[in-house]
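Remarks on the overall topology
Listed below are the residues making up each chain.
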Amino acid sequence: MRVAAIDCGTNSIRLLIADARTDESGRTVLRDVVREMRIVRLGQGVDATGWLAEAALKRTFAAADEYAALIEHHGADRVRFVATSATRDAGNRDVFVAGIRSRLGVEPEVVSGDEEAALSFRGALNAAAELDPADRVLVVDLGGGSTECVLGTPREVIAARSVDVGCVRMTERHLGSNPPTEEQQARVLRDVDEAMDVVARTVPLERTTRLVGVAGTVTTVTAMALGLEHYDPERINGTVLEIPDVTRACRELTAMTREQRAALGFMHEGRVDVIGAGALVWRRVVERVARATDGRVRTVTASEHDILDGIGLSLVP
């Protein structure tokens, strides 16, 4: 079966066209045919206004037109379009829904934070290396408008919570300079601490045995920690880093000027102005997990597979 999955978040819209098959263990796996990303910043200003900006809708619809052409060219038995944080928050999301429906011929689903979390978990674990049945894996999907924390085993989700902290939302809410001032950073970290307090009331972080991070902020921080000259998904995917190396890379990215970030060979131009906030969020999340587990979790695994893969897998009977 060939499936087409589209994930439309606060910062980017991504497409996966893949062939689904069953491997030797009976598990459904996806083989990529096309994997694309466009930074469209759909969530521009949503945190402040509660509305999707006209310019943001125009950028997103242009990307949707490109994706519609790719899906038609490669063919797909099933198509699913999932929209997340920015669209959940927008008062004019009906405009967005109508625009996507007319371009792709499918009804865009504005999913809840809990469903977003479950899809991210499934996508990350499906592509993960061998896991012990006793593992309690915490998957953190750090997006533009929200962050999803999902704890589970290789077989089931134990608990999940979505909170409204993300690289775009924190940039627009708190950061007025690059690099951000100490006070600006402190405001972001306070928001993340409050959000992680909320997460901890639902998700038993202390039971975590493995921490996996997904999405653009996490993979960009990983590229920084590895010292990559260009973005290399094969090097990044599955990389296991010691927590001090992750937090060091986060601090370095936050401390850079916009020009210094833009000069990094692995940095996508659409992330230059939001990676400082993203790195602050990721640093604090990692620190909170380490503290909750009394230091038993000492490493972080980066995954290139996330909600997009989860959406694709959800299309397979």
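Residues numbered from 1 in each chain as written. Predicted model: local features only at pLDDT ≥ 70, side-chain atom pairs only at ≥ 80, totals over all residues. Heavy atoms only, no water.

**A closer look at the pairing of strand S2 (residues 12-22)**
- Burial runs high along S2: 9 of the 11 residues are buried.
- Both strand S1 (residues 2-8) and S2 contribute to a ladder of 7 bridges, which runs antiparallel. For Ala4, the partnering residue across the bridge sits in S2 and is Ile17.
- Adjacent in sequence and paired antiparallel, S1 and S2 are bridged by 3 residues.
- As paired strands, S2 and strand S3 (residues 28-39) are joined by 11 bridges and run antiparallel to one another. Bridged to Ser12 within S3 is Ile39. (Buried < 20%, exposed > 50% of the residue type's maximum accessible area, 1.4 Å probe, protein only. Helix = DSSP H or I, 4+ residues; strand = E, 2+ residues; numbered from the N terminus. Pairing = 2+ DSSP bridges.)

**Concerning the pattern of salt bridges**
- On inspection of all chains with the given rule, the structure shows 26 salt bridges.
- Close ionic contact of Arg35 with Asp309 constitutes a salt bridge, the shortest N to O distance being 2.9 Å. With Arg35 in strand S3 and Asp309 in helix H13 (residues 307-314), the pair connects residues that are 274 residues apart, well separated along the chain.
- Judged by its relative accessible area of 6%, Asp309 falls in the buried class.
- Between Glu287 and Arg284 there is a salt bridge; the shortest N-O distance is 2.7 Å. Placement of the pair is Glu287 and Arg284 together in helix H12 (residues 275-292), with a separation of 3 residues, close to one helical turn.
- Glu287 sits in the buried class, given a relative accessible area of 19%.
- By relative accessible area, Arg284 is classed as buried at 15%.
- Each of Asp193, Asp197, Arg251, Arg283, Arg284, Glu287 and Arg288 takes part in a single network of salt bridges with overlapping partners. (Salt bridge = Lys/Arg side-chain N within 4 Å of Asp/Glu carboxyl O.)

**Focus on the sheet that holds strand S7 (residues 147-152)**
- Spatial strand order, S8-S7-S6-S9-S11-S10: 6 strands in an open sheet with mixed pairing. Strand pairing shows two members of the sheet lacking a second neighbour, strand S8 (157-163) and strand S10 (240-242), which therefore form its edges. Taking the axes of each pair of neighbouring strands and ignoring which way they run, one obtains an average angle of 20° across the sheet.
- Bridge count between strand S6 (residues 137-142) and S7: 6 bridges; the pairing is antiparallel. For Leu138, the partnering residue across the bridge sits in S7 and is Leu151.
- Set on the sheet, helix H7 (residues 182-202) makes contact with S7 and S8; between it and S8 the angle comes to about 155°. (Axes fitted to C-alpha atoms, helices over the stretch in contact; angles between N-to-C directions. Contact = heavy atoms within 4.5 Å.)

**A few points about helix H4 (residues 93-104)**
- For H4, with 12 residues, the first-to-last C-alpha span of 16 Å sits near the 16 Å given by 1.5 Å per residue.
- All buried positions along H4 are accounted for by Phe96, Val97, Gly99, Ile100 and Leu104. Down the axis, H4 shows its buried residues gathered within 165° of arc, on one side only. Summarising the geometry of H4, the exposed residues directed more than 90 degrees from the buried face are Asp94 and Ser102.
- One or two residues past the end of H4 sits Gly105, with phi positive at roughly 75°. (Expected span 1.5 Å × (residues − 1). Arc of directions from axis to C-beta.)

**Some thoughts on the domain arrangement of the protein chain**
- Partitioning the protein chain into structural domains gives domain 1 (2-110) and domain 2 (129-307).
- Here domain 1 and domain 2 have C-alpha centroids that lie 23 Å from each other.
- A combined buried area of about 1300 Å² lies between domain 1 and domain 2, and 43% of that area is made up of carbon and sulfur atoms.
- If you look at where domain 1 meets domain 2, you find 2 salt bridges.
- With a closest N to O distance of 3.0 Å, Asp306 and Arg14 form a salt bridge.
- Those elements giving two or more residues to the side of domain 1 that touches domain 2 turn out to be S3, helix H1 (46-49) and helix H3 (85-89).
- In the side of domain 1 that touches domain 2, the residues fall into 3 nonpolar, 7 polar and 7 charged. (Domains from an automatic or database assignment. Buried area = accessible area lost by both parts, 1.4 Å probe. Nonpolar A, V, L, I, M, F, W, Y, C, P; charged D, E, K, R; others polar.)

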